[in-house]
Amino acid sequence: MLSGSYLKQPRGKDENVPGKLALVKENVRNADWESAQQDLEDTEKAWKKVIPRIQFSMERDEINNLGISLARARAAITAKDKAGALMELEEAASHWHNLGN
Amino acid sequence: MNEALVVIVRGVIGFVTLLIFARLLGKQQISQLTFFDYVLGITIGSIAASLTTDLTTRAWPHWVGLVVWTLMVAALQWITLKWRYASKYIDGEPTVVIMNGKIMEDTMKKTRYRTSDLLEQLRLKEVFDLSQVEFAVLETNGQLSVLKKSEYQTVTTQDLNISTDYQGIGTELIYDGVVVEQNLKQVDLDRTWLDNQLRNQGINDPSEVFLANLDTQGNLYIDRYRDHIQKLTDVGDYPGPH
């Protein structure tokens, strides 16, 4: 029941959700939209790998909300909306932090 | 996220937790529960249900809630066991609602106990005539204890000066086709005796027996799987699934 905080930690490079989120943010700040798009896809893949591990000990709403934030960020990046993308990415980071806390 | 899988896992956690906690809380039967115990039981069950199906929150806070309520109940049980005053306050006291054949209206009003409740509970005790009752006590669990006037009490063998044999608790010697060796040893008997008894009744093997019970008079009651009843009595009075 308390394993979530431990299990959300990355088991490999391709599961590092907060690391990849930081990369996306950096790319958005630099208006490098192509790299931001690519890094966001990697973030979503990483997140999908983490979900099966943490689903038993985490609140469903936080899990769902993080997914929604990533989807919104994807739309903002497609629209090249820097402010919107940064808002959503920040919110996704906040959901990640709240998982298990 | 596989919600069904999460519910299964959380359901198992809730079930095992409830099982352990229910054992910890002791052997009080439902019929012995006071109203407060009953509400506590419902609350604990409700928390376990939320633990299983409320996926919007983590299982941990629900589990902590379960532990807290269980500990509070255990603490309350301990307090009422050790401290009579607290017991009187928490569990309440039995209330006399009929004293020397007279209904105590004020007491009934105080306990919000209706006359219809009294009459119903008396009927459940096979008392249909109020004049037969000397004392009626409303117990803390809501049950009514009734003492009939001496002239209406059931005659016992002692009243008739009839001597009776000792009657204790029977011992199961065969349970579900299997001989309970431990019980057989306890009543100082052996397999040879049991086999002889079975053979006398036309039974070749204990596996043919559903239940064999030995009473303290030495009578062996045997029920076989095959009951050889020609015509079954059906208590159902309406056609439908059996």
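For the structure, check the block above.
Calculation rules
Residues numbered from 1 in each chain as written. Chains lettered and ligands numbered in written order. Predicted model: local features only at pLDDT ≥ 70, side-chain atom pairs only at ≥ 80, totals over all residues. Helix = DSSP H or I, 4+ residues; strand = E, 2+ residues; numbered from the N terminus. Buried ≥ 20, exposed ≤ 12 C-beta atoms within 10 Å, placed from the backbone. Contact = placed C-beta atoms within 7 Å. Pairing = 2+ DSSP bridges. Axes fitted to C-alpha atoms, helices over the stretch in contact; angles between N-to-C directions. Nonpolar A, V, L, I, M, F, W, Y, C, P; charged D, E, K, R; others polar. Parallel < 35°, antiparallel > 145°, perpendicular 65-115°, else oblique. Expected span 1.5 Å × (residues − 1). Left-handed = near helix turned anticlockwise from the far one by under 90°.

A. Examining the overall build of chain A more closely. Scanning chain A for helices and strands turns up 5 helices and 0 strands. Going from the N terminus to the C terminus, chain A shows its helices and strands as α-α-α-α-α. Per-residue burial for chain A yields a buried fraction of 30% across its 101 residues. Counting contacts in chain A only where the partners sit at least 6 residues apart, residues at least 24 apart contribute 66% of the total.

B. Here's a closer look at the sheet that holds strand E1 (residues 95–99) of chain B. All names here are of chain B. Pairing within the open sheet is antiparallel, and its 4 strands lie in the order E2-E1-E3-E4. In this open sheet, the two strands that pair with only one neighbour each are strand E2 (102–103) and strand E4 (144–148). In this structure, E1 lies alongside E2, joined through 2 bridges in antiparallel fashion. Residue pairing in the sheet places Met-99 in a bridge with Lys-102 of E2. Most of the contacts of helix H6 (residues 115–124) go to E4, to which it runs at about 65°, and overall it touches E1, strand E3 (133–138) and E4.

C. Expanded view of the interface of chain A and chain B. The interface is formed by 11 residues belonging to chain A together with 11 residues belonging to chain B. Sorting elements by how many residues they give to the side of chain A that touches chain B places helix H4 (residues 60–78) of chain A first, with 3 residues. Among the residues making up the side of chain A that touches chain B, the classes are represented as 6 nonpolar, 2 polar and 3 charged.

D. Seen up close, the packing of helix H3 (residues 59–82) of chain B against helix H4 (residues 84–91) of chain B. All names here are of chain B. Between H3 and H4, the least distance of the axes is 5 Å, while the angle of their chain directions is 125°. By the angle between their axes, H3 is oblique relative to H4. Across from Leu-76, Ile-79 and Thr-80 in H3, the residues of H4 making contact are Ala-86, Ser-87, Ile-90 and Asp-91. Counted by class, the contact of H3 with H4 contains 4 nonpolar, 2 polar and 1 charged residues.

E. Spatial organisation of the environment of B:Gly177. Residues and elements named next belong to chain B. When you line up the elements, Gly-177 lands in the loop between strand E5 (171–175) and strand E6 (178–179). Through-space distance from the C-alpha of Gly-177 to that of Arg-224 is 8.8 Å; in sequence the pair is 47 residues apart. Non-local contacts of Gly-177, meaning those with residues more than four positions away in its chain, are made with Pro-206, Ser-207, Val-209 and Phe-210.

F. Molecular detail of the sheet that holds E5(B). Residue and element names in this part refer to chain B. Ordered by their spatial adjacency, 4 strands build an open sheet running E6-E5-E7-E8, and the pairing between neighbours is antiparallel. Single-partner strands in this sheet number two, and they are E6 and strand E8 (220–224). Here 5 bridges tie strand E7 (residues 209–214) to E8, and the two strands are oriented antiparallel to one another. Pairing of Leu-214 across the sheet is with Leu-220, part of E8.

G. Just helix H5 (residues 82–98) of chain A, in detail. Residue and element names in this part refer to chain A. With 17 residues, H5 should reach 24 Å at 1.5 Å per residue; the first-to-last C-alpha distance of 24 Å fits that figure. Of the surrounding elements, those touching the buried residues of H5 are helix H2 (17–29) and H4. Trailing H5 by a residue or two, Gly-100 shows a phi angle of about 85°, which is positive.

H. How the structure looks around the environment of B:Leu220. Residues and elements named next belong to chain B. Checked against the element boundaries, Leu-220 lands in strand E8. For the pair Leu-220 and Leu-173, spaced 47 residues apart in sequence, the C-alpha to C-alpha distance is 9.1 Å. Beyond its immediate stretch of four places on either side in the chain, Leu-220 contacts Gln-197, Ala-212 and Leu-214.

I. Quick peek at the pairing of E7(B). Residue and element names in this part refer to chain B. Sheet topology note: the E5/E7 ladder contains 4 bridges and is antiparallel. Its bridge partner being in E7, Tyr-175 is matched across the sheet by Leu-211. The turn joining E7 and E8, which pair antiparallel and follow one another in sequence, is formed by 5 residues; a positive phi near 90° is taken by Gly-218.

J. A look at unusual backbone geometry. All names here are of chain A. Positioned with a positive phi, Ala-31 is a non-glycine residue whose angle comes to about 60°. Among the secondary structure elements, Ala-31 is positioned in the loop between H2 and helix H3 (33–54). Here Ala-31 falls in the exposed class, since 9 other C-beta atoms lie within 10 Å of it. The residue Lys-80 is not glycine, and still its phi comes out positive at about 55°. Locating Lys-80 in the fold gives a position in the loop between H4 and H5. Judged by the 12 C-beta atoms lying within 10 Å of it, Lys-80 is exposed.

K. How the structure looks around the packing of H2(A) against H3(A). Residues and elements named next belong to chain A. It is the contact of H2 with H3, at a shortest axis distance of 9 Å, that shows an interaxial angle of 165°. Comparing their axes, H3 and H2 come out roughly antiparallel. The handedness of the crossing between H2 and H3 is left-handed. Across the interface between the two elements, Val-17, Lys-20, Leu-21, Leu-23, Val-24, Asn-27 and Val-28 from H2 touch Ser-35, Ala-36, Asp-39, Leu-40, Asp-42, Thr-43, Ala-46, Trp-47 and Val-50 from H3. Classifying every residue of the contact of H2 with H3 gives 10 nonpolar, 3 polar and 3 charged.

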